[in-house]
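Observations on the three-dimensional arrangement
Given next are the chains, with one letter for each unit.
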Amino acid sequence: MAATRTFSIIKPDATRRNLTGAITKKLEDAGLRVVASKRIHMTRDQAEGFYAVHKERPFYNDLCAFMTSGPVVVQVLEGENAVLRNREVMGATNPADAAEGTIRKEFAESIEANSVHGSDSDENAKIEIDFFFKPEEIVG
Ligand code: CMP
């Protein structure tokens, strides 16, 4: 089966606790390859645009404030069934519901400060990758 790509963010709660390497190791151990990576401080405009789909949700403002509260690491991950594989290793959005061994079970602080984001479909992966990366920044 051909490799596919997904988009990942290591969130401010994780960069603050110096967990970039530990989280990346879990992604790699799950069979995903980091084919693009950059550490950025998201602007408010970027956070609002990226999470526009959640605009009407009660947590939207807090989420945008949190995502701009410190550095994040945006990544493109490649592997067989990359979206699903990444969602499996991330675990449930709420760490209280996340399975043993998942990133969120091990590292997340709360449903908001949940250490990582991952695309939920191939279609959204492409949109999210294009939001943060130019094609030449992705080296597979
Ligand atoms: P993420 O996968 O990045 O997608 C939306 C984010 O909103 C989610 O992870 C959490 O960081 C945040 N969030 C905060 N509260 C909630 C909630 N009640 N339900 C879902 N997501 C939430």
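Conventions adopted
- Residues numbered from 1 in each chain as written.
- Predicted model: local features only at pLDDT ≥ 70, side-chain atom pairs only at ≥ 80, totals over all residues.
- Heavy atoms only, no water.
- Helix = DSSP H or I, 4+ residues; strand = E, 2+ residues; numbered from the N terminus.
- Buried < 20%, exposed > 50% of the residue type's maximum accessible area, 1.4 Å probe, protein only.
- Contact = heavy atoms within 4.5 Å.
- Areas by Shrake-Rupley, 256 points an atom, 1.4 Å probe, with all protein chains shown as cover.
- Lys, Arg positive; Asp, Glu negative; His and termini not counted.
- Charge placed at Lys NZ, Arg CZ, Asp CG, Glu CD.
- UniProt positions renumbered as here; feature names shortened; annotations may be inferred.
- Pairing = 2+ DSSP bridges.
- Axes fitted to C-alpha atoms, helices over the stretch in contact; angles between N-to-C directions.
- Polar contact = N/O pair within 3.5 Å; in protein donor to acceptor, adjacent residues only side chain to side chain.
- Phe/Tyr/Trp six-rings, centres within 6.5 Å; stacked < 30°, edge-to-face > 60°.

1. Quick look at the overall build of the protein chain
Looking only at helices and strands, one finds seven helices and four strands in the protein chain. Written out in order from the N terminus, the α and β elements of the protein chain read β-α-α-β-α-α-β-α-α-β-α. For the protein chain, buried positions account for 46% of its 140 residues. Within the protein chain, contacts between residues at least 6 apart in sequence are counted, and of these 78% link residues at least 24 apart. Summed over all atoms, the accessible surface of the protein chain reaches about 7300 Å², with 49% contributed by carbon and sulfur. Counting 18 positive and 22 negative side-chain charges, the protein chain places the centres of these two groups 3 Å from one another.

2. Remarks on the UniProt feature "binding site: ATP" (unreviewed entry) in the protein chain
Mapped onto this numbering, the UniProt entry gives "binding site: ATP" (unreviewed entry) at Lys11, Phe59, Arg87, Thr93, Arg104 and Asn114. Turning to its location among the elements, Phe59 is positioned in the loop between helix H3 (44-50) and helix H4 (60-67). Since its relative accessible area comes to 34%, Phe59 is described here as partly exposed. The residue Asn114 is located in the loop between helix H6 (103-107) and strand S4 (116-118) in this model. Setting aside anything within four residues of it in sequence, one finds Asn114 in contact with Lys11, Asp13, Thr93, Arg104 and Ala108.

3. A look at the sheet that holds strand S1 (residues 3-10)
Taken together, four strands build an open sheet; the order of strands is S2-S3-S1-S4 and the sheet is antiparallel. Sheet topology places strand S2 (33-40) and S4 at the edges, where each strand pairs with a single neighbour. Adjacent strand axes in the sheet meet at a mean angle of 20° when their direction is disregarded. Against the sheet, helix H5 (residues 82-90) touches S1, strand S3 (72-80) and S4, its axis set at about 35° to S1.

4. Quick word on the side chain of Thr15
If you trace the backbone, Thr15 turns up in helix H1 (residues 12-16). Residue classification places Thr15 among the buried positions, given a relative accessible area of 8%. Residues in contact with Thr15, not counting those within four places in the same chain, are Ile10, Thr20, Arg39, Pro71, Val72 and Val73.

5. With respect to the UniProt feature "active site" (unreviewed entry) in the protein chain
The residues that UniProt annotates with the feature "active site" (unreviewed entry) are His117. Structurally, the position occupied by His117 is in strand S4. Excluding residues within four positions of it along the chain, His117 makes contact with Phe7, Ser8, Ile9, Lys11, Phe50, Tyr51, Asn86, Met90, Arg104 and Glu128.

6. Observations concerning the side chain of His117
For His117, a relative accessible area of 13% corresponds to the buried category. Looking at His117, its side chain comes within polar contact range of the side chain of Glu128, at 3.1 Å.

7. As for the pairing of S1
Both S1 and S3 contribute to a ladder of eight bridges, which runs antiparallel. The partner of Phe7 across the bridge, within S3, is Val76. Where S1 and S4 come together, three bridges link them in antiparallel fashion. Its bridge partner being in S4, Ile10 is matched across the sheet by Val116.

8. Comments concerning the packing of aromatic side chains
Given two aromatic rings, their pairing is described by the distance between the two centres and the angle made by the two planes. Following the criterion strictly, the structure yields six aromatic pairs and no others. Consider the rings of Phe50 and Phe131, whose centres lie 5.8 Å apart with planes at 70°: the pair is edge-to-face. Of this pair, Phe50 sits in helix H3 while Phe131 sits in helix H7 (residues 122-132), and the two are 81 residues apart along the sequence. Pairing Phe50 with Phe132 gives two aromatic rings, centres 5.6 Å apart and planes at 50°, and the pair type is tilted. Taken together, the positions of Phe50 in helix H3 and Phe132 in helix H7 put the pair 82 residues apart, joining distant regions of the chain.

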